[in-house]
Amino acid sequence: MPSIVTASEPWWKSSTVYQIYPVSFLDTTGDGFGDLNGINSKLDYLKDLGVDVIWLSPIYKSPLADMGYDIADYRAIDSRYGTLEDWDNLLKGVHERQMKLMMDLVANHTSDEHDWFVQSKRSKDDPKRAWYIWRPAKYDSDGKRHPPNNWRSVFQGPAWTYDEATDEYYLHLYLEKQPDLNWDNPVVRDAVWDLMRFWLDRGCDGFRMDVINIISKVDGLPDAPVVDKDEEYQPASMYYANGPRVHDYIAEMRENVLSHYDLMTVGETPFTHSTEELARYVLPKNNELNMVFQFELMHLDQPDHVDASPLEHHDWKVAELRDIVSRWQVFKRDEGFWNAIFIENHDHSRSVSRFGNDSTDELRAISAKLLAMLEITQKGTLYVYQGQELGMKNFPRSWALEEYKDVATQNYWNRILARRMQEQKKEADDVDMQDVLDDFQKKARDHARTPMQWDASSHGGFTSGNTPWMRVNDDYKSWNAASQLNDEESVLAFWKKALVVRKQYPILIFGEFELLLPDHGQVFAYTRTHGDSQALVLLNFSNSATKVEVEGGKWQFVLGNYAVEEGGAYDLKPYEGRLYVAH
């Protein structure tokens, strides 16, 4: 098969990026928290897997109110993870293996323990007061104090917290301990450029930019429309997502920082379903970011009502998945739009439990491999989340609420419980919340954050200590990296093979996409084409066998999660995936 000329393409397009959630990766000190030296010790494992870029979720100094997305010092490593020297050693090891290291830039907000906010909170006259978003209270006719507007925090409750000392509220779109920076202040933007240069000059190869599309809020911060009459605070993303100056600020970032380095950038863009809006961040003519994480596929199993929570579950259909993936694969391809391909990360539960079938070990392995084939055959930069290469799954429904550590899960539980107590006029212990726990077992972010399962020893080999920060999934003794390393039929072995195939056939990364069988009830089929080269992908997203008819010339079987006889018919077994190339 003729190869596609890729020398002129930037390195990040053909890269496989592996996301590490450091607190859950590997603990070398016995304190129950993963650390940088643990990551360093597994670099050969990652290189052998086929990783090109390692993306670290936040490792900066933090009180961990939101697991590190609340930063108290952008230039310091949190002591749980190690030191700057440990980071330098990690970077050296990464570069020695011809890999790259990407950091997480969290600059919409800081921790309330950051020195910037400590100063901002001192008085209305402090020079850093204008580094954050402060507003006076509103008072009703009875003289009762209220927040400046009715915005709801993403993590429930009001998006404002009152500071008695200065008699004003500060805005926090997430937790009370995560005050939003005021990006309209040019001094703040300069401070962000400085901290970015700190890491880039130290050798960092790029940034994943946390909620980068919410850094500009609508002027006047108006009240949000009331969509839930039972709630005082309303979802307000229409007033802070993709705000009036967000593209100006990213263009300024590009001019002042990004354009001076050879790096990769990917922006997280929640609360955004408009394809045209998302395109503005990515199209080369705009000179902003290389790509963005858009979440349409992640909303596939979320109810379609106005105030739906990511923690709610509903059943999905193959046709819906096919429609989402197909649209993004062809979206503005002639204008240079570039996709970020992912199906797991630290904010979403395990893909084999959501989009595959984890009811038996056999189906779990087969469907995890099917999902790997979906990922490696799409046009875009590929992202793999830690444990995805093993087929790690959600933890059991039997786990109690106490095992859910994520503040988003806890706050949602408290909100729904309080509402039901009021509606049903019952005490907390008398309210039925089983349906909420059912949804948590399917959708909670906690499932992605259980420690890596390295081997069958205590706590899955994650820590030598007595208590990991979060419980290891119960199946670690039989489902772990060590048991899969020497098993040619394992999910890990399949991922290694699949990533080799993706690089071997660049048509999978750069070729054009064409949907086949658009009305099939269980199969997602498509071709990838470049010039005279063509690949065929058949994916059966069902526990039932099926047969498909595909027109075209002779196909050579390249990759599949079942053994396939050369020249056989397209009889697909449950959760079977096949990749062919024309010959």
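Just so we're clear, the structure is a prediction, and the values are computed from it rather than from any experiment.

Visitor: Any chance you could explain the packing of aromatic side chains here in plain terms?
Guide: Think of a pair of aromatic rings as described by two things: how far the centres are apart, and how the planes are tilted against each other in angle. This structure, assessed with the given rule, holds 39 aromatic pairs. Centroid distance W151 to Y239: 6.4 Å. Interplanar angle 15°. Geometry classified as stacked. Note that W151 is positioned in the loop between β8 (145-146) and β9 (160-163) and Y239 in the loop between β11 (206-209) and α6 (246-256), a separation of 88 residues in sequence. For W151, a relative accessible area of 0% corresponds to the buried category. Residue classification places Y239 among the partly exposed residues on the basis of a relative accessible area of 21%. Ring pairing ties together the aromatic residues Y60, Y74, W87, W116, W131, F198 and W199, which thus form one cluster. Lying across the ring of F33, R80 places its NZ or CZ 5.7 Å from the centre. Taking NZ or CZ as reference, K128 lies 4.5 Å from the ring centre of W131, over its face.

Visitor: I'm lost on the sheet that holds β11 in this one. Help?
Guide: Each strand in a sheet pairs with another by means of backbone hydrogen bonds, the pair being arranged parallel or else antiparallel. Here eight strands make up an open sheet; going across it, the order is β13-β12-β11-β5-β2-β1-β15-β14 and the pairing parallel. Looking along the sheet, the strands with just one partner apiece sit at the ends: β13 (291-293) and β14 (340-341). Where strand β12 (residues 264-268) and β13 come together, three bridges link them in parallel fashion. Bridge pairing in β13 links G267 to V292.

Visitor: Looking at this structure, how should I read the sheet that holds strand β17 (residues 523-530)?
Guide: An order of β16-β17-β18-β22-β20 is seen for the five strands of this open sheet, with the pairing classed as antiparallel. Of all strands in the sheet, those with a lone pairing partner are β16 (512-516) and β20 (555-560), marking the two edges. On average, each strand axis in the sheet is tilted by 25° relative to the strand beside it, whichever way the strands run. Here five bridges tie strand β18 (residues 533-540) to strand β22 (residues 577-582), and the two strands are oriented antiparallel to one another. Of the residues in β22, the one forming a bridge with A535 is V581.

Visitor: Is there a simple way to think about the packing of helix α10 (residues 361-376) against helix α14 (residues 491-504) in this case?
Guide: In a pair of packed helices, the angle between the axes and the distance between the axes together describe the arrangement. The contact between α10 and α14 brings their axes to 10 Å, and the two run at 15°. With respect to their mutual orientation, α10 and α14 come out roughly parallel. Crossing handedness for the pair α10 and α14: right-handed. Contacts from A365, A368, K369, A372, M373, E375 and I376 in α10 reach V491, F494, W495, A498, L499 and R502 in α14. Per-class residue counts for the contact of α10 with α14 are ten nonpolar, no polar and three charged.

Visitor: So what exactly am I meant to see when it comes to the pattern of salt bridges here?
Guide: Opposite charge on two side chains allows them to pair when their charged atoms are near. Per the counting criterion, the structure on display carries 47 salt bridges. Residue R350 is joined to E344 by a salt bridge in which the shortest nitrogen-to-oxygen separation is 2.7 Å. Residue R350 is classed as buried on the basis of its relative accessible area of 0%. The exposure class of E344 is buried, given its relative accessible area of 3%. For the salt bridge of D347 with R445, the shortest nitrogen-to-oxygen distance reads 2.8 Å. Of the two residues, D347 sits in the loop between β14 and α9 (351-354) while R445 sits in the loop between α12 (434-443) and α13 (481-485), which places them 98 residues apart along the sequence. Note on R445: relative accessible area 13%, which makes it buried. Overlapping salt bridges, with partners in common, bring together R152, D228, E231, D307, R415 and R419 in one network.

Visitor: What exactly am I supposed to notice about helix α7 (residues 275-282) here?
Guide: Turn by turn, an α-helix covers 3.6 residues, leaving residues three or four places apart pointing in a common direction. Along α7, the residues that are buried comprise E277, L278, A279, Y281 and V282. Looking at the buried positions of α7, the neighbouring elements they touch are α6, β13 and α8 (318-330).

Visitor: Looking at this structure, I do not really get the environment of S351. What am I missing?
Guide: Structurally, the position occupied by S351 is in helix α9. A sequence separation of 208 residues divides S351 from L559, and the C-alpha atoms of the two residues are 20 Å apart. Ignoring anything within four residues of it in the chain, the contact list for S351 reads I343, E344, G356, L371 and Q388.

Cut-off values and rules
- Residues numbered from 1 in each chain as written.
- Predicted model: local features only at pLDDT ≥ 70, side-chain atom pairs only at ≥ 80, totals over all residues.
- Heavy atoms only, no water.
- Phe/Tyr/Trp six-rings, centres within 6.5 Å; stacked < 30°, edge-to-face > 60°.
- Helix = DSSP H or I, 4+ residues; strand = E, 2+ residues; numbered from the N terminus.
- Buried < 20%, exposed > 50% of the residue type's maximum accessible area, 1.4 Å probe, protein only.
- Lys NZ or Arg CZ within 6 Å of the ring centre and 35° of its normal.
- Pairing = 2+ DSSP bridges.
- Axes fitted to C-alpha atoms, helices over the stretch in contact; angles between N-to-C directions.
- Parallel < 35°, antiparallel > 145°, perpendicular 65-115°, else oblique.
- Left-handed = near helix turned anticlockwise from the far one by under 90°.
- Contact = heavy atoms within 4.5 Å.
- Nonpolar A, V, L, I, M, F, W, Y, C, P; charged D, E, K, R; others polar.
- Salt bridge = Lys/Arg side-chain N within 4 Å of Asp/Glu carboxyl O.

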